[in-house]
Each structure stands twice: as structure tokens, then as C-alpha cells.
Amino acid sequence: MLTGIQITLIGGDARQLEVIQKFSELDAAVTLIGFDNLQYSYSGVSKLALTPESLEKTDAVILPVVGTDDNGVVESIFSGTELILTGDHLAALPSHAKIYTGMAKPYLKKLSSEHNIRLIELLERDDVAIYNSIPTAEGALMMAIQNTDITIHGSVCMVLGMGRTGLTMARTLKGLGANVLVGIRKPEHFARAWEMGFTPFYLSELAQKVTNIDLLFNTIPTMIVTAQIIAGMPHRAVIIDLASKPGGTDFRFAEKRGVKAMLAPGLPGIVAPKTAGRIIANTISQLILEDVTTGRNAQ
Ligand code: NAP
């Protein structure tokens, strides 16, 4: 249990509701900032405005998946006013406090380092990325079904990259009966893809491999689906780019050539906010419980 531990959530979306629920169940004292329009009420949860004073007793600050933008603005779908996190807020935190977020932009990294506050980026963790790959693959599948007039079963699908998202995507497509080509660059990934029943190929052969595909799912966060690659694809092919913005596809050329291509960021929060929220809630609560057990939360 987290009795006596003060958790402060600043901003966020539907995913944070699972986080609030989890910490309320664990008996933590939860403060919500930027949730003025939230109608639900939870036991042990209070609402405050974003001021340095409201953070003075906080053990853990929980920010949305994208912590702040480049100017310190914290997104909140539950707030009528803009939330801007500044140095004054971090200066008010106790020295043992930690900030949890999905990923931090340079603004937040600089602010926490200047104030010597530990920043934990959950999406850097392997376990979180693997759990998140499940709603990501389901969301990508939804987009594929909506944008094609064929079944996934029997289609020719290409997945670029065999990391945490690529592997789940490939396995999900194969489970539905697709012929799955997987583009990789390391021999050990070639061997694993072969062992799992995919058709692996080296990315150096990408141009020759795209000539007969129905769907391409990219997970490589660098320009890989270039104009030259798109020029070799059939017009029926649909590109779903899962890599973080700006993706790895030449979208301008795809549009010019009449190949449907879409960037699909943030799928877990869109297609499965409850599951995505639980992934965040379970991970943060586990980390805080470990800190409490080992005495690292002592003031
Ligand atoms: P990951 O585990 O690091 O996998 C990335 C893959 O890209 C690896 O197979 C890696 O190959 C390959 N790669 C990276 N740079 C490359 C390059 N220059 N040339 C060839 N291959 C390269 O990452 P992940 O967790 O799967 O995430 C992949 C991307 O999806 C990220 O941009 C992430 O932000 C994004 N994402 C999006 C969503 C969404 O909702 N759309 C959800 C989750 C993640 P090696 O192993 O050989 O290095």
C-alpha cells in the first residue's frame, strides 16, 4: 500500500483515469492539477491549481505521456486553462521527489536536471514498450482493415523493423493468416524471423521486395520508405507508418503517386486508452512501491 505517499498528477487524457484509480486503491494521497472538468470523484483525491505551493509535499509528479511541449505546456483534456510547468514548480518539490512521464522533450529534461529532480521516462523501458506494442498493433490492424478492400488473411504484408513494435505487428498479422515479410538489418533478427515463420529480408533489398505487397507497416524511425521505394510499389499498396513523428515515409511522394500512406502516432491512447492507462498505472505504482519498500522515499 502507498498510505502516506503524496502523488500529484498534472494534466493528461483518459489514460490518467486508470492512474488515479490505481493510486486511490493503493491508499495514496492523490492531488489532481488540471482536472477541473473531471466529473468523477475518487476517495482520497483532491483538486488544486498549478502553483509551487501545491507541489511542496509531493513525493511523485505524474505528467502525461508527452510530459510537456517545448515551452513547458502540459496537455490536459480535463482543464479549461493552460498549464505551464516552470522552474518555480520544480524548485518547490522536495529533493527526493521524482517526475514520471512517457517521454520528455528537451524543455522538461533541462528543467529537471537544473533542479536536480529525477525524471523517469516510461517509454524508454522495454517492458512498457512491449506492453504498448499490443494496442499499437491492434490499432494498426484497425487502420489496415478500414483502408483496404481485401482481408488481412491471405494478403501480403510487410513489416519494417523487428524491434518491440515490429515483432508484435508481424506476429499479429501472421495470426490472422497474412503472408508476412519482415525487413531487418541484423543476421540474428533474420534468423529469429525465419524461426517464427515470417519471410525475412535484408533492408538493402527493400526495393526488390515491395513490388507485390498489399500493406506496409513501418516501425523504423528514419526515412526508409523513400520515393524510390514507393515508385516500385503497386498502386493498391497501403502504407501505415507507426514510427514516431515525422515517420519514415516520403508522404509527399506517396500522395503524388496515388499510394495511400498514413502516419499513425499515439495508437495505444486512441484505440485502447483504458489498457494504455493500466500499463502506465501498473508500471509507476510498481516503481513507487519499490522506492517505498527500499526506503528511497524517505524525506
Ligand atoms: P525498437 O524496439 O527500438 O525498434 C526499432 C526498430 O527499428 C529495430 O528493429 C531497429 O533495428 C530498427 N531501426 C532503427 N533505426 C534503423 C535504421 N537506421 N535502419 C534500419 N533499421 C533501423 O522501437 P519500438 O519500440 O519498436 O518503436 C518503433 C517506433 O514506433 C518508434 O519510433 C516508436 O516511437 C514508435 N511507436 C509508435 C507507436 C504508435 O502508436 N504509432 C506506438 C509505440 C511505438 P535494430 O534492432 O537492427 O537496431
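The rules behind these values
- Residues numbered from 1 in each chain as written.
- Predicted model: local features only at pLDDT ≥ 70, side-chain atom pairs only at ≥ 80, totals over all residues.
- Heavy atoms only, no water.
- Salt bridge = Lys/Arg side-chain N within 4 Å of Asp/Glu carboxyl O.
- Buried < 20%, exposed > 50% of the residue type's maximum accessible area, 1.4 Å probe, protein only.
- Helix = DSSP H or I, 4+ residues; strand = E, 2+ residues; numbered from the N terminus.
- Core = buried A, V, L, I, M, F, W, Y, C linked by side-chain atoms within 4.5 Å.
- Pairing = 2+ DSSP bridges.
- Axes fitted to C-alpha atoms, helices over the stretch in contact; angles between N-to-C directions.
- Contact = heavy atoms within 4.5 Å.
- Near = heavy atom within 4 Å.
- Polar contact = N/O pair within 3.5 Å; in protein donor to acceptor, adjacent residues only side chain to side chain.
- Areas by Shrake-Rupley, 256 points an atom, 1.4 Å probe, with all protein chains shown as cover.
- Nonpolar A, V, L, I, M, F, W, Y, C, P; charged D, E, K, R; others polar.

What follows deals with the pattern of salt bridges. Across all of its chains, the model carries ten salt bridges by this definition. Salt-bridge contacts for arginine 15 lead to aspartate 13; the nearest nitrogen and oxygen are separated by 2.8 Å. Of the residues examined, arginine 15 reaches a relative accessible area of 15% and is grouped as buried. Classification of aspartate 13 by relative accessible area gives partly exposed; the value is 23%. Arginine 164 is paired through a salt bridge with aspartate 126; the nearest N and O atoms lie 2.9 Å apart. Separated by 38 residues along the polypeptide, arginine 164 in helix α5 (residues 164–175) and aspartate 126 in helix α4 (residues 126–146) bring together distant segments of the chain. Under the relative-accessibility criterion, arginine 164 is labelled partly exposed at 37%. Under the relative-accessibility criterion, aspartate 126 is labelled partly exposed at 48%. One salt-bridge network, in which partners are shared between bridges, spans Glu18, Lys274 and Arg278.

Bringing the nonpolar core into the picture now. If you look at the biggest cluster of nonpolar residues, it comprises 29 residues, and the most contacted ones within it are Ile7, Leu9, Phe23 and Ile288. Among the secondary structure elements, those contributing two or more residues to this core are β1 (6–10), α1 (15–25), β2 (29–33), β4 (60–62) and α11 (273–293). In terms of residues, this core owes the most to one element, α11, which gives six residues.

With an omega of 5 degrees, the peptide bond between lysine 245 and proline 246 qualifies as cis. Mapped onto the secondary structure, proline 246 falls in the loop between β13 (238–241) and α9 (251–257).

Overall, parallel pairing links the six strands, which are arranged β3-β2-β1-β4-β7-β8 in an open sheet. Both outer strands of the open sheet, β3 (45–48) and β8 (118–121), are each paired with one neighbouring strand and no more. Within the sheet, the average angular offset between the axes of one strand and its neighbour, ignoring direction, is 25 degrees. Where α1 meets the sheet, its contacts fall on β1, β2, β3 and β4, and the angle it forms with β1 comes to roughly 170 degrees.

Here we take up the site of the ligand. Around the ligand sit 22 residues in total, of which Thr165, Arg185, Leu242, Ala264 and Leu267 are the nearest. Here an oxygen atom of the ligand and a backbone polar atom of glycine 163 are 3.2 Å apart. If the ligand stood free it would expose 920 Å²; the protein chains cover 74% of that surface. When contributions to the shell around the ligand are tallied by element, the ones reaching two or more residues are α5 and α10 (267–271). Residue composition of the shell around the ligand, grouped by class: ten nonpolar, nine polar and three charged.

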